[in-house]
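Summary of structural features
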Amino acid sequence: MRIYDIIQKKKYGEALTKEEIEFFVDGFTKEKIHDYQASALMMAIWFNGMTDEEITDLTLAMAHSGDMVDLSDVEGFTVDKHSTGGVGDKTTLIVAPIVAACGGKVAKMSGRGLGHTGGTIDKLESISGFDTALSKEDFIKAVNDCGLCVVGQTGNLAPADKKLYALRDVTATVDSIPLIASSIMSKKLAAGSQGIVLDVKTGSGAFMKTVEASTELAQKMVSIGNSAGRKTVALITDMDVPLGTAIGNSLEVKEAINVLCGKQKDDLFEVCIALASNMLCLVHSKGYEECEKMALEAVENGSALQKLKAMVTAQGGNAEWIDCPEQFPKAEFSYDIVSENDGYISFMDAQKIGTSSVILGAGRESKEDSIDFSAGIILHKKTGDRVQTGDVIATLYSNKKDSFSSAEKLFKNALEFSTDYTKEHKAVIKVIK
Ligand code: URA
């Protein structure tokens, strides 16, 4: 078999066989196939797509290119969630404790933020002492003891995807449904959970900008998961506006604590309850209403918050910060963004707002950059809210005072106003099983 012939075949739009896909993934992982050949194949796939069978073969080959995490020592049903990435998306910090409080086992590997989107690992590391690099034994023990544990992805989880994703990132081949579906699902299958709930974001802050494209991606991923023997469900959720009101690492942890204390019932709460309830449906094989009731009760009776504290303690973090969030270090400087308009906010470009938080220091412009955990944005107004000239729309936080002017410029550029606003805003758009 020759990689040249495989590229040629895909260039003419023909379907690749399982053997050809495995030959490519194996050769690329072992560096026998060069980056320029893999790039050519990715571009041919971008133009010509893949059949469902090819997508499944690619996913399985990438999942098996490294470690397949064995969670058989976890007692109970293991369930994972994955978000395709967004702005203000702190759902894992809320959903995992709710599910653990209701009997699910969440053994989760998460990523760091890159670009305009945040990452769960960075958020957790804003808690003093929190360790996201546990050994396999400590990871399993924490899941058995507390019901949940969140660690960073191990180096050898789907290495083929890691290499391929880095290449796609620089060759304009990220935005391909077969490639995104296989990339995400290879990591989910390798991470080992029996159930998977996918949070597929749609809108200005998401990879997929339309509900149609998000639905197609979700359907492919659900079908891959189910055919690999994992119970898989996807939710399409709105990312046309940042989720909740906080953007930036410790600001988001504080917001998650607020939600778990039952003090915040907004779009963030709605998405978290929907994700947790769907995960519980997989765990307990029960209907949605019953599982939703369990999830709501776990917030009301404080058991979900106790689970967050148990996880923080088990992973070396200072759980006092969960009881007293005022202990999170604050940014030295703050700056209010004031409305120059009367009317309604009719649109907030989530990607631009995410990038504005990166300018303040909340994210990385490149992988090597360090993060300012206290930097970020608190939104006081969101899409659909009425504002008057002089109202504070958002407060920016940073330790770099000179970052405010460009962050403010970009933030203001993200906003559109109108004299009325009647559009219905749905946080959870649909569920795909
Ligand atoms: N996230 C991934 O893990 N892979 C993609 O291709 C896109 C988003």
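The structure displayed is predicted, hence computed values, not measured ones.

Reading guide: rules and limits
- Residues numbered from 1 in each chain as written.
- Predicted model: local features only at pLDDT ≥ 70, side-chain atom pairs only at ≥ 80, totals over all residues.
- Heavy atoms only, no water.
- Pairing = 2+ DSSP bridges.
- Helix = DSSP H or I, 4+ residues; strand = E, 2+ residues; numbered from the N terminus.
- Contact = heavy atoms within 4.5 Å.
- Axes fitted to C-alpha atoms, helices over the stretch in contact; angles between N-to-C directions.
- Near = heavy atom within 4 Å.
- Polar contact = N/O pair within 3.5 Å; in protein donor to acceptor, adjacent residues only side chain to side chain.
- Areas by Shrake-Rupley, 256 points an atom, 1.4 Å probe, with all protein chains shown as cover.
- Nonpolar A, V, L, I, M, F, W, Y, C, P; charged D, E, K, R; others polar.
- Core = buried A, V, L, I, M, F, W, Y, C linked by side-chain atoms within 4.5 Å.
- Buried < 20%, exposed > 50% of the residue type's maximum accessible area, 1.4 Å probe, protein only.
- Domains from an automatic or database assignment.
- Patch = residues over 30% accessible without salt bridge, like charges linked within 9 Å, V, L, I, M, F, W, Y side chains within 5 Å.
- Salt bridge = Lys/Arg side-chain N within 4 Å of Asp/Glu carboxyl O.
- Buried area = accessible area lost by both parts, 1.4 Å probe.
- Parallel < 35°, antiparallel > 145°, perpendicular 65-115°, else oblique.
- Left-handed = near helix turned anticlockwise from the far one by under 90°.
- Expected span 1.5 Å × (residues − 1).
- Disulfide = S-S within 2.5 Å.

This next bit is on the sheet that holds strand β7 (residues 333-338). An order of β6-β9-β11-β7 is seen for the 4 strands of this open sheet, with the pairing classed as antiparallel. In this open sheet, the two strands that pair with only one neighbour each are β6 (246-247) and β7. Pairing analysis gives 4 bridges linking strand β9 (residues 376-379) to strand β11 (residues 392-398), with the strands arranged antiparallel. Looking across to β11, one finds that Gly 376 is bridged to Tyr 397. Across the face of the sheet, helix α16 (residues 350-360) comes into contact with β6, β9 and β11 while running at roughly 135° to β9.

Every residue close to the ligand is listed here: Tyr 165, Arg 168, Ile 180, Ser 183, Ile 184, Lys 187 and Phe 207. Within the side chain of Arg 168, an N or O atom sits 2.9 Å from an oxygen atom of the ligand. Burial of the ligand by the protein amounts to 90% of the accessible area it has alone, namely 240 Å². Elements that contribute at least two residues to the shell around the ligand include exactly α8 (159-170) and α9 (177-191). Per-element tally for the shell around the ligand: the top contributor is α9, with 4 residues. The residue inventory of the shell around the ligand, partitioned by class, reads 4 nonpolar, 1 polar and 2 charged.

Membership of the largest hydrophobic core comes to 79 residues, with the highest contact counts inside it found for Ile 98, Met 348, Ile 377 and Phe 411. At 13 residues, helix α12 (residues 267-284) tops the list of elements feeding residues into this core. Domain assignment of the residues forming this core places at least three in each of domain 2 (79-157 + 189-323) and domain 3 (331-418). Once residues lying within four places of it in the same chain are set aside, the contact partners of Ile 98 are Leu 260, Ile 273, Ala 276, Ala 295, Ala 298, Val 299 and Ala 304.

Moving on to a nonpolar patch on the surface. Taken together, Met 43, Trp 46 and Phe 47 make up a surface patch of nonpolar side chains, about 310 Å² in accessible area. Assignment of secondary structure puts Met 43 in helix α3 (residues 35-48). Here Met 43 falls in the partly exposed class, since its relative accessible area comes to 31%.

Next up on the list: the sheet that holds strand β13 (residues 428-432). As summarised here, the arrangement of the 4 strands in space is β1-β4-β5-β13, forming an open sheet in which the pairing is mixed. At either end of the open sheet lies a strand with only one pairing partner, and these are β1 (79-83) and β13. Across the sheet, the mean angle from the axis of one strand to that of its neighbour is 15°, orientation sign disregarded. For strand β5 (residues 231-238) and β13, the ladder comprises 4 bridges, and the chain directions are antiparallel. Following the sheet pairing, Leu 235 is matched in β13 by Val 431. In this fold α12 packs onto β1, β4 (195-202), β5 and β13, with an angle of close to 155° to the strand it touches most, β4.

Counting buried positions along β11 yields 5 of 7 residues, so the element is predominantly enclosed. Here β7 runs beside β11; their pairing, made up of 6 bridges, is antiparallel. Within β11, the position partnered with Phe 333 by the bridge is Ser 398.

Domains assigned within the chain are domain 1 (3-49), domain 2 (79-157 + 189-323) and domain 3 (331-418). Computed over C-alpha atoms only, the centres of domain 2 and domain 3 are separated by 25 Å. At the interface, 26 residues of domain 2 touch 24 residues of domain 3. The three residues of domain 2 that bury the most area against domain 3 are His 116, Ile 247 and Leu 251, which together make up 26% of that side's buried surface. In this structure, the connection of domain 2 to domain 3 is made through 2 salt bridges. Here Asp 267 makes a salt bridge to Lys 382, at a shortest N to O gap of 2.7 Å. The tally of links between domain 2 and domain 3 comes to 10 residue pairs in polar contact (both at pLDDT 80 or more).

Contact geometry for helix α5 (residues 91-101) and α12: axes closest at 9 Å, N-to-C directions at 40°. For the element pair α5 / α12, the angle class is oblique. When the axes of α5 and α12 are compared, the crossing they make is right-handed. Residues Thr 91, Ile 94, Val 95, Ile 98 and Val 99 of α5 form the contact with α12, whose own contacting residues are Leu 268, Val 271, Cys 272, Ile 273, Leu 275, Ala 276, Met 279 and Leu 280. Partitioning the contact of α5 with α12 into residue classes produces 12 nonpolar, 1 polar and no charged.

Within the secondary structure, Glu 53 is located in helix α4 (residues 52-63). Residues Glu 53 and Val 253, spaced 200 residues apart in sequence, show a C-alpha to C-alpha distance of 40 Å.

The subject of this paragraph is the pairing of β1. Among the 5 residues in β1, 5 count as buried, and that is most of the element. Examined bridge by bridge, β1 and β4 share 5 bridges and lie parallel to one another. Bridging across to β4, Lys 81 finds its partner in Val 197.

Spanning 12 residues, α8 covers 17 Å between terminal C-alpha atoms, matching the ideal 16 Å at 1.5 Å per step. Along α8, the residues classified as buried are Pro 159, Ala 160, Asp 161, Leu 164, Leu 167 and Arg 168. Those residues of α8 that are buried lie in contact with α2 (18-29), α3, α4 and α9. Note on α8: the residue one or two positions beyond its end, Ala 172, has a positive phi of about 55°.

All chains considered together, the criterion is met by 0 disulfides. Cysteine Cys 102 is unpaired, with the sulfur of Cys 291 as its nearest cysteine sulfur at 8.5 Å. Distance from the sulfur of Cys 149, which forms no disulfide, to the nearest cysteine sulfur (Cys 146) is 7.6 Å.

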